[in-house]
Amino acid sequence: MTLADLYSMMPIVITGGGALIVLLCGPLLQARSVSWISVVISGSAGVWAAFTPPALTPSFPGVAFTPLAQFLIPLFCLSAALTLLFSHGYNERRGILGEEYPATILFGLFAMCLLPCATNLLVLFLALESIAFAFYILVTMDLNRVESGEAGLKYLLMGAVAAAFTAFGFALIFAGSGTMALAGALAATGNRVIISAGWGMVIVGIAFKLSLVPAHLWTPDVYQGAPAPVAAFLSTSSKVSAAALLLILLAFSPPLAELRAPLYALSLLSMVLGNLAALLQSNIKRMLAYSSIAHMGYLTLALLTGTREGYAAVLLYGAIYTAMNLAAFGAIASLSLDAERDQIADYSGLGFTAPLRGGVLALAMLALAGIPPTAGFIGKFFIFYSAIRGGEMTLAIIGIVSAAASAYFYLKVVVHLYMHRSNAAPPAPTPAAESLALCCASLFILGLGVFPAPLMRIVDAAMR
Amino acid sequence: MSVPLSHVLILASVLFAMGLGCVVAWRANVIMMLIGIEIMLNAVMLTFVGGSAHWGIADGQLFALMIMALTSAEVSLALAMVVYLHRRKGSVNTDDFDSMKG
Amino acid sequence: MTPDFPILTLLVFLPLLGSLLVFACWRSDTLVRWVALAVSLVELALCAWPLAVSDRVAFPGAPAGFFLFEDATWIERFGIRYTLGMDGISLVMVLLTAFITVIAVLVSWEGIKERVPLFFALLLAMQSGIQGVFLSLDLFLFYLFWEAMLIPMLFLIGIWGHGRRVYSAVKFFLYTFLGSLLMLVAIITLYLMHGSQTGNYTFSLHGMLNTSVPLGIGVWLYAAFLLSFAIKFPLFPLHTWLPDAHTDAPTAGSVILASLLLKTGAYGLIRFAYPLFPEAAHAMTPVLYVAAVFGISYGAWVAFAQEDMKRLVAYSSVSHMGFVALGIAAWSPVALSGALMQMVNHGITTGALFAMVGMLDERTQSREIITYGGIWGKVPVLSFFFLMFCMASAGLPGLNNFIGEFLVLVGTFRVSPAAALGAFLGIVLTLVYTVRLVQEVLFGKENKPLELKDLSLREAGVLAVLGLSAVYLGVHPGPVLELLKAPIELLTTVK
Amino acid sequence: METTLFYILSAVTVFGTLCAITARQAVRAIVYLVTSFFALALIFYILGAPLVAAFEVIIYAGAIMVLFLFVIMMLELGSPEKLPKPRLADWWPAVILFLAVVGSVTVIAASRQPAIAPGFTAISVREFSQALFTRYGIAVEAISMQLLFALVGALYLGRRR
Amino acid sequence: MQTYLTLMLLFPLAGGLTCALAGRKLPRQAVEILACAAVWGSFVCAALAAASYAAPQTVTLGGWFSSFDLLIPISLYLDPLSLSLAVMIGFVCGLIHVYAVFYMRKEGDYARFFALLNIFVFAMLTLVLAESLPLLYLGWEGVGFCSYLLIGFWYTDKNNADAGRKAFITTRIGDTALVIALAWMFQLFGTLSITQLNGMGFLMPGSIVTAIGILFLIAAMGKSAQVPLMVWLPDAMAGPTPVSAMIHAATMVTAGVYLLSRMYPLIGSSATAMATIAVTGGVTAFYGATCALAQRDLKRVLAFSTISQIGYMMLGVGAGAVTAATFHLLVHAFFKALLFLGAGCVITAMHHEQDIFKMGGLRKTLPLTFWCYLAGAACLAGLPLTGGFFSKDSILVALWHKGGTLYQSLYALALLTALITAYYSFRMVYLVFGGSDGHKHVHVELKFMQLVLIPLAILGLFGGVLNLPSYIGEGFLTRFFAGLAGGAAVEGTHTEELALQAVAATIALAGLLAAYVRYGKGRSQRLLEAKAYPTAMAAFLLNGWYFDRLYQAVLIRPYQALSGVLWQKVDEGVIDDSLDRLAGGLGFSGSWLGRWSTGRVSIYIVSFAAGGALMLGYLAWLAL
């Protein structure tokens with residue numbers, strides 16, 4: 001263990017230590033400064049990770065700063081930082097006080113940073129569960145709304161069952177292969193049948209995290225119940241980390257032949273059901289929940305090809321999806337400062353009375369719909385490209401058609417923003433922090449839509 | 001001692017399935033659902049321990065231990081939520097927690 | 001200016017910059033209008049450059065026939081390049097776009113009173129998208145512009161429209177979006193086929209031209225392209241978005257929709273679908289014939305029943321674009337140049353008709369035919385232009401539409417007399433609804449006492465310019481046909 | 001001998017669990033479960049995991065179950081009439097799922113390459129601890145963070161306002 | 001020559017455009033003078049061209065449009081046929097312009113009127129002089145367009161506007177046939193030049209020539225109001241009388257005959273096509289004449305007579321006698337214009353009363369008009385030695401000489417028609433000018449208007465000089481047209497010719513006599529009868545054999561009804577609605593799927609566990 005190893009592990013140390021520091025110092029400081037400190041912590045962890053060369057050998061036992069980690073950690077850190085920025089004003093109005101909130105976010109971030117670094121199943125599993133654990137707490141944080149508590153309990157119960165499935169899957173893989181390490185050990189040296197059963201259980205567990213049909217049912221409730229910034233964080237980083245986990249596992253010659261049909265079904269059902277169920281949904285958060293179900297269906301579609309291109313598409317899409325959903329939920333959170341705006345109809349006319357936030361929301365919707373020149377289009381393009389290249393023509397066409405239908409509900413929001421009038425008073429002005437965060441996300445969406453090449457290079461580097 | 005691994009696995013799966021059945025059947029009581037989850041996790045532990053013994057390495061047992069810790073964390077948080085929600089809604093029946101749907 | 005000055009890029013992105021500029025002047029509506037007009041005029045003036053070099057045989061390094069060409073790496077991972085090129089067809093379309101946008105700015109001068117900066121910004125952004133469609137030679141780039149131009153239109157209809165504006169806007173968007181997504185699948189498939197055959201993964205149109213596609217697959221790929229373009233066209237029975245969108249759009253929106261957006265469909269078919277899949281296109285020609293011929297008569301017939309002038313003109317577009325489709329289906333030099341002429345002509349006449357309906361609407365807040373009647377005496381100048389554009393639309397020789405229709409019919413008859421015979425019926429049916437429109441609006445007794453003012457100087461100017469171009473193209477279309485000749489020759493002999 | 005014991009203990013575990021999940025009172029269920037977990041601990045022991053067996057008894061049977069009992073008492077859910085019970089219909093999906101999972105895993109576990117027990121090796125506490133604190137040090141840190149935040153969460157929820 | 005031709009076209013075009021664009025700003029007199037000057041200038045050019053005419057010649061003024069091998073130049077062709085028509089058009093239209101100046105004195109919208117008249121002249125001359133068929137089509141459509149607007153000149157009255165529309169659309173049906181013929185000929189011959197096409201007929205099998213001939217015939221049917229596309233012409237009388245005279249009597253309506261004569265070298269080789277043309281002409285001639293018998297509106301009588309007379313011309317073409325047909329065309333232009341203009345005078349004098357049964361006695365009050373009108377009627381009736389007599393007779397002779405059952409029965413029909421023609425001509429004259437119960441409202445303009453009649457009357461009466469029968473001396477037209485295909489004189493002995501003329505003369509006189517008996521002597525009785533309800537036969541004839549009603553029932557109503565059905569039921573009902581339903585169905589199924597999220601976590605877990613069980617089951621099934 002050298003100093004370089006320690007350097008490469010610094011993001012984990014910073015976030016973990018940061019969580020503890022915030023927890024310790026929180027009571028002594030103002031809520032706002034705690035929040036800013038957390039932003040700085042997550043930001044610095046991200047910057048650190050971005051500028052540290054990846055190492056392929058484990059730095060510590062059980063963890064290695066892989067290229068994948070170098071790609072994902074800054075992404076998670078960025079999204080945590082933006083979430084924290086969105087939470088400032090939102091939490092103040094909601095009375096979500098105390099240092100627990102930023103500390104828990106940092107804890108979640110710590111687990112997220114740990115996940116791509118894991119080199120064995122145990123660390124992987126614990127990181128995954130810690131992420132979920134952080135979200136159980138975060139979702140429940142809004143004590144003023146009973147929905148928040150309900151959502152938390154539902155999420156926890158489902159999550160625990162899913163965790164049991166995942167764990168059982170890991171156990172079977174372990175029992176079948178006799179090793180816990182991720183390096184080459186998952187190769188089918190052991191009992192292939194037992195390993196594939198284990199894979200099946202793991203995928204069921206991950207399907208829950210990715211909210212794939214039929215394990216998707218918690219998603220709308222939890223998105224609706226959770227505080228909006230938490231929903232932003234949940235819908236982005238938690239999903240991306242689950243997808244990353246699958247990627248890490250899939251990198252080690254999984255029994256894809258057996259798993260293709262289940263993955264196919266999951267992807268198909270998710271794309272179709274997610275998009276259909278969102279069509280007439282009038283609650284914007286639930287609508288976004290169904291939309292994220294569909295988007296995870298697209299991700300699965302790319303995963304299922306089992307090709308390098310597919311995995312690259314997953315990473316790229318993960319990054320883009322993060323930006324899009326952060327922008328969407330961020331705008332929702334920011335517009336919900338004075339009153340909860342749950343219904344899509346509540347957003348009538350906001351495009352003009354709150355131009356920045358309305359514009360960002362509209363942009364996010366167009367991006368989610370996959371309309372150029374937004375990043376959403378590039379992401380979808382890459383996904384469907386890899387799917388077709390991987391030979392999944394039918395599924396790609398189904399996905400594309402359902403994506404076309406999905407434009408309807410995204411447009412519905414845009415339509416309300418700009419094409420309906422409302423007599424409601426204009427929303428409270430945007431705090432600077434939120435404007436900053438929203439601008440960041442929008443720039444990301446637009447910039448990537450026009451110049452995706454740099455990100456693609458990064459993604460390819462991360463695939464090494 | 002010559003118990004085939006498959007028998008351990010079968011026992012584990014029986015336990016796992018019973019736990020799952022418990023979770024599914026006892027929708028009326030969160031506590032019993034949590035107990036079901038405990039049973040499932042115990043089955044997982046059994047699998048790990050069996051695998052560990054089968055291959056002669058300690059990793060599985062470690063995993064089992066971690067699961068135990070994880071379970072206790074989970075249970076404590078879950079029970080805290082149950083208490084909190086019981087205070088708010090006066091029920092431990094999960095089917096009563098359906099203010100969000102659609 | 002050096003020869004490698006990126007004039008095409010400028011043509012594409014100048015309007016976009018203009019729309020930012022418009023936003024920058026958001027404080028004064030008047031200033032916004034003038035800035036928008038200035039930008040669109042500069043764009044039109046810029047078209048002089050390509051016009052000046054259009055006699056150049058080819059740009060060094062460009063595919064044959066392209067006298068202006070720009071190429072740069074964009075997304076190297078997929079072999080996506082930023083390739084713009086201009087040949088005669090593009091030039092004609094670009095000119096039309098620049099011209100019609102000036103008209104669109106002018107017709108919305110007073111009609112748009114709310115959110116003026118946004119309106120003009122969107123209008124110019126839209127122009128950017130359309131110019132991009134007409135100039136891009138990389139399928140990915142093309143697709144990007146193709147989709148991007150939908151968004152401003154969505155807003156134009158949805159915010160400033162009338163009636164069921166939201167429904168129409170969303171319908172328009174979804175319809176075209178669905179079609180284009182399937183085209184995307186086809187593009188990717190073709191890209192992969194070409195890449196696996198040659199090892200050269202590229203989205204460049206001319207790079208992919210010689211992919212050997214088995215007919216069984218080619219038909220499907222072509223069908224996806226065709227679907228996307230046919231929706232824009234719109235071909236029967238994919239046209240139902242059009243009456244709604246046209247009717248509910250603001251005047252400038254209808255003008256741009258009819259004059260430019262519909263043309264992008266035809267342009268795509270000519271530039272991309274046919275050259276990429278010659279065999280499949282040939283195999284599917286009967287489908288196109290049937291849709292075209294049926295659409296001509298059907299559109300005209302349904303137009304006859306309309307009560308709303310805009311709807312009537314909208315259905316007339318279905319009918320007129322049927323001629324374009326017919327010419328493309330025939331794919332003979334004469335028919336194809338007819339189709340392209342018809343695109344230009346339809347852009348001018350139908351644009352003018354929409355503008356005039358908009359002018360009437362501004363005066364009386366009604367687009368119902370029944371509101372009007374006998375207005376000739378009151379507003380002779382307006383009526384004169386109305387009659388003129390109606391007659392142009394009916395294909396009166398000496399006015400522009402005749403040239404296109406005649407070339408299409410004559411050209412098609414050579415290749416497929418049966419299809420052409422079906423289309424001849426359209427000549428009569430077109431006149432039937434046109435005359436009905438003229439009759440019930442200009443002639444007869446006044447149905448309601450209307451306070452009508454005749455054209456203002458701005459309106460008269462707009463219509464005079466349109467009218468002059470209609471006459472010019474009707475009497476002396478030679479220059480345009482000359483521009484089209486070389487590229488059409490290349491297109492039709494490629495097989 | 002040990003083999004026979006394994007099967008006997010298995011039977012006890014399964015029976016205990018069955019009683020637990022069908023018990024009419026939560027308290028009884030807990031007690032049955034404790035029994036079942038004792039048997040399971042013994043199985044762990046037989047399978048060469050004495051430390052896990054010990055923790056099973058201490059943490060599960062001891063701490064966690066007590067926590068359950070505590071909550072049941074606190075919420076006064078102890079008496080049977082206060083506790084809503086599953087209807088018969090609620091059992092059907094449970095039974096079907098049970099059969100499906102057990103059947104599948106049985107098939108999988110028993111299929112093709114029946115795992116031959118290579119002779120169990122007991123893993124010493126030393127070996128165990130060494131692995132724990134060298135190879136899986138990070139895991140210990142992670143789980144401790146998790147436990148900490150379980151505390152944070154529980155405290156947050158318990159906050160009176 | 002090029003100058004003459006260019007100016008011939010440019011004068012009216014420039015005049016028309018000036019009137020159209022600036023007319024409302026110019027003083028009235030300026031417009032009137034400009035319009036007349038333009039036409040007369042055109043006539044002068046035509047006359048000069050005629051004077052310097054030597055041989056047929058093609059003049060290319062420029063290119064109109066061209067696309068690959070399709071070359072459409074603006075080229076004019078001057079040969080005897082087009083020259084004679086151009087001169088006639090210039091002269092008649094010039095006269096009518098002058099007449100119109102006075103006729104329309106009280107109308108406000110002079111600019112539009114004269115602009116359209118001038119543009120009409122331009123279009124008509126283009127039609128006549130065009131060498132390439134698309135250019136001919138330009139004129140062809142142009143005259144139709146002007147006719148449409150001029151019929152509906154008094155647009156505030158719905159009937160007038162409707163009549164214009166009817167004319168435009170009905171003729172458009174014929175025009176379509178012309179376009180088809182154009183497209184087809186381009187496919188066959190690769191050119192659309194008339195001169196080239198006319199020399200290429202032999203390249204094609206007869207059946208194709210026949211088909212092309214029939215397409216041309218349909219085109220002619222529309223423009224020249226032949227059965228069955230004749231319904232528009234009577235209604236076209238809604239326009240101002242000068243318009244009727246100029247467009248719907250002298251020039252435009254004869255365009256069909258001109259077209260067929262023009263293309264005769266091509267289509268004449270098909271006997272079937274010729275027979276069809278002849279039959280159409282014969283039937284139309286008879287139809288028009290019978291209908292004219294029962295009309296009460298002065299202008300409608302003339303309109304039906306026009307239909308009938310054009311039928312004669314078609315008969316002539318069908319019989320292969322292009323010269324005869326053109327002869328009749330020219331003479332008819334003079335006398336029919338004369339009749340219309342005379343009718344215009346009458347109508348002006350009667351304060352726009354057009355019912356002939358309400359007229360009378362105008363012989364005394366309007367003597368000049370009476371005498372001129374009488375000359376016109378004599379020509380129409382074909383009284384011996386008038387121009388009409390000679391021209392009509394040359395057609396009859398040609399028919400007779402053509403021989404064969406078909407042509408001979410057509411000859412008989414034509415004779416019968418001639419009888420009816422003479423009868424209704426004088427019925428009209430007696431009713432309008434006879435009796436003594438006339439009214440008189442003399443306007444200042446009327447004097448000038450009457451003056452215009454005189455040259456026309458002279459031309460009509462002595463028009464026969466243009467082409468005297470061969471027994472008197474070789475006709476001018478025959479000589480002039482000798483170079484044209486189908487222009488050759490009909491072979492026949494002088495005796496035969498004389499006999500045929502005697503028959504025709506007798507028939508005409510018989511008609512005159514009958515008319516005298518019934519309307520000269522029995523005038524008062526007829527006036528009484530006219531007040532009664534018309535008999536079934538009279539009503540049948542009055543309504544033009546009920547063709548209007550037939551078309552209304554068979555074509556127009558179904559078209560209107562179907563358009564509504566297509567729109568409401570098919571377009572919105574099926575296509576659009578199915579989309580809406582599809583969207584609605586998707587949305588509904590989506591909400592239905594959304595109901596899966598019941599909010600009950602137990603359902604969630606069951607679904608999740610079921611998914612897991614399925615997955616395991618699938619993997620187990622694979623392992624089995």
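Above this text is the structure in question.
The structure contained in this document is the topic of the report that follows. (Residues numbered from 1 in each chain as written. Chains lettered and ligands numbered in written order. Predicted model: local features only at pLDDT ≥ 70, side-chain atom pairs only at ≥ 80, totals over all residues. Heavy atoms only, no water.)

Taking contact number as the criterion, the leading pair out of eight pairs of chains in contact is chains B and D. The closest approach of any C-alpha atom in chain B to one in chain C is 24 Å; the two make no contact. The least C-alpha distance between chain C and chain D, which are not in contact, is 38 Å. (Contact = heavy atoms within 4.5 Å.)

Note: strand S1 (residues 57–67) of chain E against strand S2 (residues 70–78) of chain E, nine bridges, orientation antiparallel. Along S2(E), the bridge assignment pairs E:Thr60 with E:Ser75. (Pairing = 2+ DSSP bridges. Helix = DSSP H or I, 4+ residues; strand = E, 2+ residues; numbered from the N terminus.)

It is worth spelling out the nonpolar core at this point. Core analysis: the largest hydrophobic core is formed by 799 residues, its most contacted members being C:Tyr222, C:Phe225, C:Ile328 and E:Phe216. Dropping the residues within four chain positions of it, C:Tyr222 is found in contact with C:Leu269, C:Ala273, C:Tyr274, C:Phe277, C:Ala280, C:Ala281, C:Met284 and C:Leu288. (Core = buried A, V, L, I, M, F, W, Y, C linked by side-chain atoms within 4.5 Å. Buried < 20%, exposed > 50% of the residue type's maximum accessible area, 1.4 Å probe, protein only.)

The subject of this paragraph is unusual backbone geometry. Between C:Phe236 and the following residue, C:Pro237, the backbone shows a cis peptide bond with an omega angle of 0 degrees. Residue placement: C:Pro237 occurs in the loop between helix H10 (215–232) and helix H11 (241–248). Although it is not a glycine, A:Ser211 sits at a positive phi angle of roughly 45 degrees. When you line up the elements, A:Ser211 lands in the loop between helix H7 (192–209) and helix H8 (218–225). One non-glycine residue, E:Trp545, lies in positive phi territory at about 60 degrees. With respect to the helices and strands, the residue E:Trp545 is situated in the loop between helix H24 (536–542) and helix H25 (547–594).

Aromatic ring pairs: the centre-centre distance and the angle between the two ring planes describe each pair. By the definition in use, this model includes 98 aromatic pairs over all chains. By the ring-pair criterion, three or more aromatic residues cluster together here, those being A:Phe377, A:Phe381, A:Phe382, A:Tyr385, C:Trp74, C:Phe78, C:Phe140, C:Tyr143, C:Tyr191, C:Tyr201 and C:Phe203. The ring centre of C:Phe304 lies 5.7 Å from the NZ or CZ of C:Arg436, which sits over that ring. Stacked on the ring of C:Trp376, the Lys or Arg E:Arg112 has its end atom at 4.9 Å from the ring centre. (Phe/Tyr/Trp six-rings, centres within 6.5 Å; stacked < 30°, edge-to-face > 60°. Lys NZ or Arg CZ within 6 Å of the ring centre and 35° of its normal.)

Angle between the axes and distance between the axes: these two values describe a pair of packed helices. Interaxial distance between helix H15 (residues 375–389) of chain A and helix H8 (residues 165–198) of chain C falls to 10 Å at its minimum, and their mutual angle equals 50 degrees. The angle between the axes of H15(A) and H8(C) places the two elements in the oblique class. Crossing of H15(A) over H8(C) shows right-handed handedness. Where H15(A) abuts H8(C), its residues A:Phe377, A:Phe381, A:Phe384, A:Tyr385, A:Ile388 and A:Arg389 lie against C:Leu184, C:Val185, C:Ile188, C:Thr189, C:Tyr191 and C:Leu192. (Axes fitted to C-alpha atoms, helices over the stretch in contact; angles between N-to-C directions. Parallel < 35°, antiparallel > 145°, perpendicular 65-115°, else oblique. Left-handed = near helix turned anticlockwise from the far one by under 90°.)

Attention shifts here to helix H12 (residues 308–335) of chain A. With 28 residues, H12(A) ought to run about 40 Å at 1.5 Å a step, and its terminal C-alpha atoms sit 40 Å apart, in line with that. Counting buried residues along H12(A), 27 of its 28 residues qualify, which places the element largely inside the surrounding structure. (Expected span 1.5 Å × (residues − 1).)

Turning next to empty space enclosed by the protein. Using the criterion set out here, one finds 11 cavities of 30 Å³ or more in the structure. Taken as a whole, the largest cavity encloses approximately 180 Å³ of empty space. In this structure, the largest cavity is lined by 14 residues; those nearest its centre are A:Ala31, A:Ser35, A:His88, A:Asn91 and A:Ile96. Contributing elements (two or more residues each) for the lining of the largest cavity: helix H2 (31–50), helix H3 (67–94) and helix H4 (100–117) of chain A. Counting residues per element, the lining of the largest cavity draws most heavily on H3(A), at five residues. Residue classes in the lining of the largest cavity are distributed as seven nonpolar, five polar and two charged. In this structure, the second largest cavity is lined by C:Gly395, C:Phe402, C:Glu405, C:Phe406, C:Leu409, C:Ile427, E:Tyr137, E:Arg172 and E:Val179. Looking at the lining of the second largest cavity, the elements that each hand over two or more residues are helix H17 (400–415) of chain C together with helix H6 (158–189) of chain E. Broken down by element, the lining of the second largest cavity gets its largest block of residues, four residues, from H17(C). (1 Å grid on protein atoms, 1.4 Å probe; cavity = no way out; pocket = protein on both sides within 12 Å on 5 of 7 lines; lining within 4 Å. Points joined across faces, edges and corners; volume = space filled by probe spheres on them. Nonpolar A, V, L, I, M, F, W, Y, C, P; charged D, E, K, R; others polar.)

It is worth spelling out the interface of chain D and chain B at this point. The interface is formed by 78 residues belonging to chain D together with 69 residues belonging to chain B. Both sides of the chain D and chain B interface together cover about 6600 Å² of buried area, and 79% of this is carbon and sulfur. Where chain D meets chain B, there are one salt bridge. Its salt-bridge partner being B:Asp59, residue D:Arg135 comes within 3.1 Å of it at the nearest N-O pair. At the junction of chain D with chain B, the criterion picks out seven residue pairs in polar contact (both at pLDDT 80 or more). Contributing elements (two or more residues each) for the side of chain D that touches chain B: helix H1 (2–22), helix H2 (26–46), helix H3 (50–74), helix H4 (88–110), helix H5 (125–135) and helix H6 (137–158) of chain D. The element that contributes the greatest number of residues to the side of chain D that touches chain B is H3(D), accounting for 12 residues. (Buried area = accessible area lost by both parts, 1.4 Å probe. Salt bridge = Lys/Arg side-chain N within 4 Å of Asp/Glu carboxyl O. Polar contact = N/O pair within 3.5 Å; in protein donor to acceptor, adjacent residues only side chain to side chain.)

The periodicity of an α-helix, 3.6 residues per turn, causes residues three or four places apart in sequence to face the same way. Taking 1.5 Å per residue as the helical rise, H17(C) with its 16 residues ought to reach 22 Å, and the 24 Å between its terminal C-alpha atoms agrees with that figure. Counting buried positions along H17(C) gives 14 out of 16 residues, so the element sits mostly inside the fold.

Quoted interface sizes are often the accessible area lost when the parts come together. Listed per partner, the contact involves 52 residues of chain E and 66 residues of chain C. Here chain E and chain C share an interface that buries about 5200 Å² over both sides, 71% of which is from carbon and sulfur atoms. Between chain E and chain C we count three salt bridges in total. Residue C:Lys171 pairs with E:Asp576 through a salt bridge whose shortest N-O separation is 2.5 Å. Here chain E is connected to chain C by 21 residue pairs in polar contact (both at pLDDT 80 or more). Looking at the side of chain E that touches chain C, the elements with two or more residues in it are S1, S2, helix H5 (133–151), H6 and H25 of chain E. It is H6(E) that contributes the most residues to the side of chain E that touches chain C, 15 residues altogether. Across the side of chain E that touches chain C, the residue classes break down as 31 nonpolar, nine polar and 12 charged.

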